[in-house]
Amino acid sequence: EKGTYPHFMLKEIDEQPTVIRKIVQEYRDEQDEIKLDSDIRQAMLDTDRVYIIAAGTSYHAGLVGKQMIEKLANVPVEVHVASEFSYNMPLLSEKPLFIFISQSGETADSRSVLVQIKEMGHPALTITNVPGSTLSREADYTLHLHAGPEIAVASTKAYTAQISVLAILAVDTAKAKGIDLDFDPLQELAIVSSAMETLCDQKEEIEKIVSEFLETTRNAFFIGRGIDYFVGQEGALKLKEISYIQAEGFAGGELKHGTIALIEEGTPVIAIATQENVNYSIRANVQEVVARGANACIISMEGLDEENDTFVVPKVHELLTPLASVVPMQLIAYYAALHRDCDVDKPRNLAKSVTVE
Ligand code: M6R
């Protein structure tokens, strides 16, 4: 039920802080340590390479998951779009572990990969919002997202839940491998959930950004570096699927290799700047597009913010910034769709779960 909300999407965006708290609760034991199925822990220890398989928004969560698993647990990870993987399987390592990320657990492209790799005898873990779904039943292990039903076609709370569960899995693996970390995901996620609350209260500021940057445009670019590039791709997908504005996420440094030719007077460029190590270079990319007439909107993070940044998200751990920076982008997409009279919850040509290949 939507309750007092005009759309499921807005309700689901607002539910995110609660979902994160629920995940923390579900994955915490009595000693305040991570609670995770020991078979999953063992599968992560046994593998020499993780293959993440997903589609759409779940694929974007996988890109962030790769960063976390590689940086924290030191396990190599490849992320693949399911529909490509099934027809062009890469060379596999000796002991692969497949992780399927799927809100619905019913995506046919992902299932087709699952069937293939099970025939080959490889282990599979599904991270899903629907335990008992096809991908969950057919995999060896399941991690539950605990996000509650997601009704709007545009995925929001499932994305942030997926990243949160992947962070917990990454840290659990690191600990099992004896890696010393000064990163407690349960504590950091609690900080994220408060940050999300603050962000969800800033809807007016977001509507202003929409009127200034996106009301009449036909296209928009999202740029970032590293983890900000991945979240930019998610921001672009959200915007295009519900507002029909042609949007793309690009790596900041890649613009000069072609895409910058598209920048003209007034082209909206949304830059995400939450990472210290690339703060200087992404801001240089913003200068490059501004010099060519772009209308630049900078979403930065407390501590790295500069005067005139358009929107500043509260400070969270550097590996968890997508959980904060995606919220303004979800809201930007929502208000852009609203202002352009689009059907927010049921965009044209799309279904909630894609059960055909
Ligand atoms: O249920 P799944 O997570 O497997 O779905 C994957 C994609 O179809 C889904 O994320 C899609 O891209 C969303 N509509 C994006 O908002």
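Above: the structure in question.
A brief look at the structure comes next. Remember, predicted model here, so these are calculated numbers, not experimental data.

## Points about the overall build of the protein chain
Here comes step 1: The helix and strand inventory of the protein chain stands at 13 helices and 10 strands.
Here comes step 2: In terms of C-alpha radius of gyration, the protein chain reaches 20 Å, essentially the compact-globule figure of 21 Å for 357 residues.
Here comes step 3: For the protein chain, the spread of C-alpha atoms along the three principal axes comes to 55 × 45 × 45 Å.
Here comes step 4: Buried residues in the protein chain amount to 57% of all 357 residues.
Here comes step 5: A separation of at least 24 residues holds for 76% of the contacts in the protein chain among residues at least 6 apart in sequence.

## Things to note about the packing of aromatic side chains
Here comes step 1: Within this structure, the stated rule accounts for 6 aromatic pairs.
Here comes step 2: With a centroid separation of 5.6 Å and 35° between ring planes, the pair formed by tyrosine 229 and phenylalanine 230 is classed as tilted.
Here comes step 3: In this arrangement the basic side chain of arginine 348 is found over the ring face of tyrosine 244, its NZ or CZ atom lying 3.7 Å from the centre.

## A few points about the layout of surface pockets
Taking a probe equal in size to a water molecule and rolling it over the atoms shows the remaining empty space.
Here comes step 1: The space that makes up the largest pocket amounts to roughly 610 Å³.
Here comes step 2: Contributing to the lining of the largest pocket are 26 residues, with Gly56, Thr57, Glu241, Lys352 and Val354 lying nearest its centre.
Here comes step 3: Where the lining of the largest pocket is concerned, the elements lending two or more residues are helix H4 (56–73), strand E3 (96–102), helix H6 (108–119) and helix H11 (227–243).
Here comes step 4: Of the residues contributing to the lining of the largest pocket, the split by class is 9 nonpolar, 11 polar and 6 charged.
Here comes step 5: Size it by volume and the second largest pocket reaches roughly 210 Å³.

## Some thoughts on the nonpolar core
Considering soluble globular proteins, one finds that nonpolar side chains tend to be buried as a cluster.
Here comes step 1: Within the largest apolar cluster, 96 residues are counted, with the highest numbers of intra-cluster contacts made by Met68, Ile99, Leu143 and Leu239.
Here comes step 2: With 12 residues, the single largest contributor to this core is helix H13 (residues 321–339).
Here comes step 3: Counting 14 residues, the second-largest nonpolar core is a separate cluster that includes Leu255, Val269, Ala273 and Ala294.

## Some words on the sheet that holds E3
Here comes step 1: Pairing is parallel across the open sheet formed by 5 strands, whose spatial order is E2-E1-E3-E4-E5. Whereas interior strands pair on both sides, the edge strands pair on one side only; in this sheet they are strand E2 (77–81) and strand E5 (141–144). Taking each pair of neighbouring strands and ignoring which way they run, the sheet shows an average axis angle of 20°.
Here comes step 2: Relative to E5, strand E4 (residues 124–128) runs parallel, the two being bridged by 4 bridges.

## Some thoughts on the sheet that holds strand E9 (residues 295–301)
Two strands in a sheet stick together by hydrogen bonds in their backbones, pointing the same way (parallel) or opposite ways (antiparallel).
Here comes step 1: Strand order across the open sheet formed by 5 strands is E7-E6-E8-E9-E10, with parallel pairing between neighbours. Each of the sheet's edge strands pairs with one partner strand only, and the pair in question is strand E7 (246–251) and strand E10 (311–313). Going from strand to strand, the sheet's axes swing by 20° on average, the running direction of each strand aside.
Here comes step 2: For strand E6 (residues 219–224) and E7, the ladder comprises 6 bridges, and the chain directions are parallel. By the bridge assignment, isoleucine 223 is partnered in E7 with phenylalanine 250.
Here comes step 3: On the sheet, helix H12 (residues 279–290) packs against E6, strand E8 (268–273) and E9 and is oriented at approximately 170° with respect to E8.

Rules used throughout
- Residues numbered from 1 in each chain as written.
- Predicted model: local features only at pLDDT ≥ 70, side-chain atom pairs only at ≥ 80, totals over all residues.
- Heavy atoms only, no water.
- Helix = DSSP H or I, 4+ residues; strand = E, 2+ residues; numbered from the N terminus.
- Rg over C-alpha atoms; globule rule 2.2 N^0.38 Å.
- Buried < 20%, exposed > 50% of the residue type's maximum accessible area, 1.4 Å probe, protein only.
- Contact = heavy atoms within 4.5 Å.
- Phe/Tyr/Trp six-rings, centres within 6.5 Å; stacked < 30°, edge-to-face > 60°.
- Lys NZ or Arg CZ within 6 Å of the ring centre and 35° of its normal.
- 1 Å grid on protein atoms, 1.4 Å probe; cavity = no way out; pocket = protein on both sides within 12 Å on 5 of 7 lines; lining within 4 Å.
- Points joined across faces, edges and corners; volume = space filled by probe spheres on them.
- Nonpolar A, V, L, I, M, F, W, Y, C, P; charged D, E, K, R; others polar.
- Core = buried A, V, L, I, M, F, W, Y, C linked by side-chain atoms within 4.5 Å.
- Pairing = 2+ DSSP bridges.
- Axes fitted to C-alpha atoms, helices over the stretch in contact; angles between N-to-C directions.

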